[in-house]
Amino acid sequence: MATQPAAASVPPASGAWREGDPVGRRQFRDIGPLRLERGGMLPAVRVAYETWGSPVLGEDGTIANAVLVMHALTGDSHVCGRVEPGHPTPGWWDGLIGPGKVIDPARHWIICPNVLGGCQGTTGPSSPGPGGAPWASRWPRTTVRDQVSVERRLADLLGISRWYLVLGGSMGGMRALEWAVSAPERVERLGVVASTGQASADQIGFSATQIAAIRADPAWAGGNYYDAAPGQGPHAGLGVARRIAHLTYRSAEELETRFGRGAQDSVDPLDGGRWQVESYLDHHGDKLAHRFDAGSYVALTEAMNGHELGRGRGGLEAALATITARTVVAGIDSDRLYPLEQQERLVSGIAGAGALQIVNSPYGHDGFLIESDRLSEVLAPLVD
């Protein structure tokens, strides 16, 4: 991700986008009430999304070139484009999507929504709930299936009956798979990168530890911190969660090569100084508080833990067998969070997947954001 405001500046209680902030390229659609998979209902849901390119009609009069791109945990709808008011970072997949790239607005109508439960314009814990105050601790348990239900409503409002391509990495790949299983008639082509058909015990364990770190922060206040003064939000807990997560996003090889046992400053770590890798993790923990919301971090992480494509569908293999889309599945060879065996299982269960596409990278899971040239090669057959 791109450079954020200096960590020395005081972050707001929540880094969520709020009414009155610059809108940027965001567009909004109200999709009405949403009944949730695990019970209960959201009385009103608004979706923030961005688009690039223009719709093209096919011979049957329906939109034929719509591409749905879905972001990972702390991503947002700004998948490509420059830094501008409302968007403090450049597009997170700029190397893959944009003019002259494999996903090109000259050919494709690209739509990237902010996910349900997120914090960048789509309804989530920081959004106004019944009575006007933020949902906060009232936010209900939502799932990947709920997220896709919202996106199906958005597609209906945009007049998209069938996606030319549904594409996502990491958490976005979970949603892409759910799209292909829950609405196979609406997904012509499918791209899944560094993702899985169901969260493993290892992934749930790492995620549960991050959630516990946030909830252990006294400033979490049971999730009711949105009216706190700047600098008074659950930043310590969110920072610890981000440090844990970032270790799973990068490979041991990369960390050793970049930092080894180096000291950050002139003070030896054995005498109270910091290790270089410690400073690196501190930086990533600190800067997340400026652009993200702890409530969304918890809500989305819980949704990822609950991801199980085969739930109520006869198991994972039975669910994968229902996918009819022409599919590319890619994995990162150094990914210790979503290891290659999880993508191999997807490929073995999806009839139209072909062989697993392996991306060689020293960067671990984050390779899906970094290795744009190789991913462009991998995905090119889907947009021929």
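Residues numbered from 1 in each chain as written. Predicted model: local features only at pLDDT ≥ 70, side-chain atom pairs only at ≥ 80, totals over all residues. Heavy atoms only, no water.

Draft legend 1. Main features of the pairing of strand E4 (residues 109–113). Counting buried positions along E4 yields 5 of 5 residues, so the element is predominantly enclosed. Residues Trp109, Ile111 and Pro113 of E4 are buried on one face, and the alternating residues Ile110 and Cys112, pointing to the opposite face, are buried as well. The pairing of strand E2 (residues 41–52) with E4 spans 4 bridges and is classified as antiparallel. Bridge assignment links Thr51 to a residue of E4, and that residue is Ile111. (Buried < 20%, exposed > 50% of the residue type's maximum accessible area, 1.4 Å probe, protein only. Helix = DSSP H or I, 4+ residues; strand = E, 2+ residues; numbered from the N terminus. Pairing = 2+ DSSP bridges.)

Draft legend 2. Structural view of the environment of Gln147. By the element assignment, Gln147 lies in helix H1 (residues 144–158). Among the residues examined, Gln147 registers a relative accessible area of 1% and is labelled buried. Each C-alpha atom of the pair Gln147 and Leu300 lies 9.8 Å from the other, and the pair is 153 residues apart in sequence.

Draft legend 3. Structural detail: the sheet that holds E4. Ordered in space as E1-E2-E4-E3-E5-E6-E7-E8, the 8 strands form an open sheet in which the pairing is mixed. The strands lining the two open edges of the sheet, one partner per strand, are strand E1 (27–35) and strand E8 (357–359). Averaged over all pairs of adjacent strands, the angle between their axes in this sheet comes to 20°, without regard to strand direction. Sitting on the sheet, helix H2 (residues 171–182) touches strand E3 (66–70), E4, strand E5 (165–169) and strand E6 (189–193), and the angle it makes with E5 is about 145°. (Axes fitted to C-alpha atoms, helices over the stretch in contact; angles between N-to-C directions. Contact = heavy atoms within 4.5 Å.)

Draft legend 4. Seen up close, unusual backbone geometry. For Ser170, which is not glycine, the phi torsion reads 60° and is therefore positive. In this structure, Ser170 sits in the loop between E5 and H2.

Draft legend 5. Expanded view of the nonpolar core. In this structure, Ile111, Ile160, Trp163, Val166, Trp179, Leu190 and Ile323 are the most contacted members of the largest nonpolar core, which totals 47 residues. Apart from the residues within four sequence positions on either side, Ile160 is in contact with Ile63, Ala66, Trp109, Ile111, Ala155 and Arg186. By size, the runner-up hydrophobic cluster in this structure holds 29 residues, among which are Ile110, Val193, Ile332 and Val378. (Core = buried A, V, L, I, M, F, W, Y, C linked by side-chain atoms within 4.5 Å.)

Draft legend 6. Fine view of helix H11 (residues 372–379). Considered for burial, the residues of H11 that qualify are Ser372, Leu375, Ser376, Val378 and Leu379. Down the axis of H11, the buried side of the element spans an arc of 160°, and every buried residue falls inside it. Seen from the buried face of H11, the exposed residues on the opposite side, beyond 90 degrees, are Asp373 and Glu377. If you follow the buried residues of H11, they end up packed against E5, E6, strand E7 (326–332), E8 and helix H10 (367–370). (Arc of directions from axis to C-beta.)

Draft legend 7. Local environment of the packing of aromatic side chains. With the rule as written, the count across this model stands at 9 aromatic pairs. Both rings, one in Trp135 and one in Trp139, keep their centres 5.8 Å apart while their planes meet at 85°; by these two values the pair is edge-to-face. Using a relative accessible area of 8% as the deciding quantity, one classes Trp135 as buried. According to the relative accessible area criterion, Trp139 is buried, its value standing at 12%. Relative to Tyr225, the ring of Trp220 has its centre 5.7 Å away and its plane inclined at 35°; by these criteria the two rings are tilted. You'll find Trp220 and Tyr225 in the same group, each marked buried. An aromatic cluster is present here, built from Trp92, Trp93 and Phe368 joined pairwise through their rings. Residue placement shows Arg138 over the ring face of Trp135; its charged tip is 5.6 Å from the ring centre. (Phe/Tyr/Trp six-rings, centres within 6.5 Å; stacked < 30°, edge-to-face > 60°. Lys NZ or Arg CZ within 6 Å of the ring centre and 35° of its normal.)

Draft legend 8. Here's a closer look at the environment of Asn65. Checked against the element boundaries, Asn65 lands in the loop between E2 and E3. Once the C-alpha coordinates of Asn65 and Met41 are considered, the two residues, 24 residues apart in sequence, prove to be 33 Å apart. If we skip the residues at most four places from it in the chain, Asn65 touches Ser54, Pro55, Val56, Arg107, His108, Trp109 and Tyr164. A polar atom in the side chain of Asn65 sits 3.1 Å from the backbone oxygen of Arg107. (Polar contact = N/O pair within 3.5 Å; in protein donor to acceptor, adjacent residues only side chain to side chain.)

Draft legend 9. Region of the structure containing the side chain of Thr142. Relative to the assigned elements, Thr142 resides in the loop between E4 and H1. Judged by its relative accessible area of 3%, Thr142 is buried. For Thr142, the residues in contact, after removing those within four places along its chain, are Leu36, Leu116 and Ala303.

Fair warning: the whole summary comes from geometry, so function is off the table for now.
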